[in-house]
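Listed below, chain by chain, are the residues.
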Amino acid sequence: MAGQKAYYATIKDVARLARTSTATVSYVLNGSTDRVMSPELRQRVLDAAQTLHYRKSAVASSLRAKQRGLISVLIPQFSNIYFTRACESVEDVVFANDFTPMICDTREDPERERRLLENAIAQRMDGVILGPTNAGWENTDMLRRMNIPYVVIGREIAPHKAGESNDSYFAGDDSYQAGFLAGQCLAQNGHKHIGVVEWNGQVSSAVERDLGFYDAVREQMEQGGSMEVESSGDLSIEEGYRLTKALLQRARPTALFFGYHRHAQGGVQYLSEAGYSIPEDISVIMVGTPAWANLSNPAIHRVYQHEEWVGTTAGRILMAQIKGEVSPLLREKRHVCPCTLIKGTSVKDLTCT
């Protein structure tokens, strides 16, 4: 069976059906009123356009206006609510400015990211919002060379060579603080034997999150505490289950820290199946605020990263760049939002025992 090719009516088709010129059709469909025209002719054009389901070509209009009205949004994980929530806020901002976001998932693959950026350039996107892979700096070089506006979200990128300057706009949460708040909570509740399930992705947010957590519990470790770590490059729920099981088969921590909510979901599933009671047998804290963490019993302690702020800020920065606006947002390159600890009932206070 042959493939079906879409057919879009042209202004010539409308003119032919309305028995008039393309100039007249353009005049009517653009809503112009500065020339004398019979009501009958105007209505004939409108009826023809409706019959043919005619829509103005955005491509043709963009060639004249030197803007396509399209924004490329590339995120590394559709399954990560941090980026999906940020995308929703980006979409709200750009759509309100009469731009359309084209959202793609790079799947943490630097080569896929590079190809999607090349495609964005080929499609003449007006700007890019990027949650980068670990090759984000190299892959955005083409944007800088072509002076294409872009904003990095969630993870920072930086030059690898001395002498290179970084003038990229960034909007994200304080990743170091996210880890620190979780570690501080466990430390203040007297936990000295801690299990950590982490993602070993080589991106700034993962590195800074781990550093913040380790700094927060450093004193506990120096006072006879212990830390057991299981890490992986796989951010799936299944991997969280496996890592948690492996950790608890060789250690007996009083608390578990999950740097990512998908690992936490798998870990909590394992704890339930293995008969652990939270927080009586083991405490749990995580970074991220998926709905299940609030609905579970007990409600999980979690660090909120304000993804909506990240997306809104990134969208506003990009729109200001594209439109050439004088905006306070363009005065600074880095825009960082503090995180918030949301307390549930999953962390046991050991200072009272």
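Please refer to the structure placed before this passage.
Small disclaimer: the values here were computed from a predicted structure and weren't measured.

Calculation rules
Residues numbered from 1 in each chain as written. Predicted model: local features only at pLDDT ≥ 70, side-chain atom pairs only at ≥ 80, totals over all residues. Heavy atoms only, no water. Salt bridge = Lys/Arg side-chain N within 4 Å of Asp/Glu carboxyl O. Buried < 20%, exposed > 50% of the residue type's maximum accessible area, 1.4 Å probe, protein only. Helix = DSSP H or I, 4+ residues; strand = E, 2+ residues; numbered from the N terminus. Expected span 1.5 Å × (residues − 1). Arc of directions from axis to C-beta. Contact = heavy atoms within 4.5 Å. Polar contact = N/O pair within 3.5 Å; in protein donor to acceptor, adjacent residues only side chain to side chain. Axes fitted to C-alpha atoms, helices over the stretch in contact; angles between N-to-C directions. Parallel < 35°, antiparallel > 145°, perpendicular 65-115°, else oblique. Left-handed = near helix turned anticlockwise from the far one by under 90°. Nonpolar A, V, L, I, M, F, W, Y, C, P; charged D, E, K, R; others polar. Pairing = 2+ DSSP bridges.

Caption draft 1: Examining the pattern of salt bridges more closely. The full count for this structure, using the stated rule, is twelve salt bridges. Two residues, Asp215 and Arg218, come together in a salt bridge whose shortest N-O distance is 2.3 Å. You can call Asp215 partly exposed: its relative accessible area is 25%.

Caption draft 2: A look at helix H6 (residues 110-122). Taking 1.5 Å of rise per residue, 13 residues should cover 18 Å, and H6 covers 18 Å from first to last C-alpha, within 8% of that figure. Buried residues of H6: Glu113, Leu116, Leu117, Ala120 and Ile121, and no others. What you see down the axis of H6 is that its buried residues fit within an arc of 145 degrees, all on one side. In H6, the exposed positions that point more than 90 degrees away from the buried face belong to Arg115 and Ala122. Looking at the buried side of H6, the elements it contacts are strand S1 (70-75), strand S2 (100-105), strand S3 (127-130), helix H7 (136-139) and helix H8 (141-145). Taking the backbone nitrogen of Glu111 as reference, a side-chain oxygen 3.0 Å away marks Asp109 as the first, capping residue of H6. At the exit of H6 stands Arg124, carrying a positive phi of roughly 60 degrees.

Caption draft 3: The packing of helix H1 (residues 11-18) against helix H3 (residues 39-51), seen in detail. For the pair H1 and H3, the least separation of the axes is 9 Å and the interaxial angle reads 125 degrees. Between H1 and H3, the crossing angle belongs to the class labelled oblique. Between H1 and H3 the crossing geometry is right-handed. For the pair H1 and H3, the contacting residues are Val14, Leu17 and Ala18 in the first and Arg44, Val45, Ala48, Ala49 and Thr51 in the second. Residue composition of the contact of H1 with H3, grouped by class: six nonpolar, one polar and one charged.

Caption draft 4: Up close: unusual backbone geometry. Residue Pro279 is reached from Ile278 by a cis peptide bond, and omega for that bond is 5 degrees. Within the secondary structure, Pro279 is located in the loop between helix H13 (261-273) and strand S9 (283-287). At the junction of Asn297 and Pro298, the peptide bond is cis and its omega measures out at 10 degrees in the coordinates. Within the secondary structure layout, Pro298 lies in the loop between helix H14 (291-295) and strand S10 (301-304). With phi around 65 degrees, Asp98 is a residue other than glycine that occupies positive phi space. Turning to its location among the elements, Asp98 is positioned in the loop between helix H5 (81-96) and S2. Its identity is not glycine, yet Arg107 carries a phi of approximately 60 degrees, on the positive side. You can see Arg107 is positioned in the loop between S2 and H6. For Arg107, a relative accessible area of 57% translates into the label exposed.

Caption draft 5: Region of the structure containing the sheet that holds S3. Spatially, S2-S1-S3-S4-S5-S11 is the arrangement adopted by the six strands of the open sheet, whose pairing is parallel. Strands with a single pairing partner mark the edges of an open sheet, and in this sheet they are S2 and strand S11 (334-337). Neighbouring strand axes in the sheet, compared pairwise and without regard to direction, differ in orientation by 15 degrees on average. Where H5 meets the sheet, its contacts fall on S1, S2, S3, strand S4 (150-153) and strand S5 (169-173), and the angle it forms with S1 comes to roughly 170 degrees. Each of S1, S2 and S3 is contacted by H6, which is oriented at about 180 degrees to S1, the strand it contacts most.

Caption draft 6: Structural context of the pairing of S10. Pairing between S9 and S10: three bridges, direction parallel. Note that in S10 the partner of Val287 across the bridge is Val303.

Caption draft 7: Region of interest: H13. Given a rise of 1.5 Å per residue, 13 residues ought to cover 18 Å, and the 18 Å separating the end C-alpha atoms of H13 matches this to within 8%. Looking at H13, one finds that the buried residues are His261, His263, Ala264, Gly266, Gly267, Val268, Tyr270 and Leu271. On its buried face, H13 is in contact with H5, strand S6 (193-199), helix H12 (237-250), strand S8 (255-258), S9 and H14. Immediately beyond the C-terminal end of H13, within one or two residues, lies Gly275, with a positive phi of roughly 90 degrees.

Caption draft 8: Summary view of the sheet that holds S9. Taking strand neighbours across the sheet as the criterion, the six strands line up as S7-S6-S8-S9-S10-S12 in an open arrangement whose pairing is mixed. Every other strand in the sheet has two partners, leaving strand S7 (226-232) and strand S12 (340-342) as the edge strands with one partner each. Across this sheet, the average inter-strand angle for adjacent strands is 15 degrees, counted without regard to direction. In the sheet, S6 pairs with S7 via seven bridges, with the strands oriented parallel. Residue pairing across strands places Ile194 opposite Met227, the latter belonging to S7. Lying on the sheet, H12 is in contact with S6, S7 and S8; it crosses S7 at an angle near 150 degrees. Against the sheet, H13 touches S6, S8 and S9, its axis set at about 160 degrees to S9.

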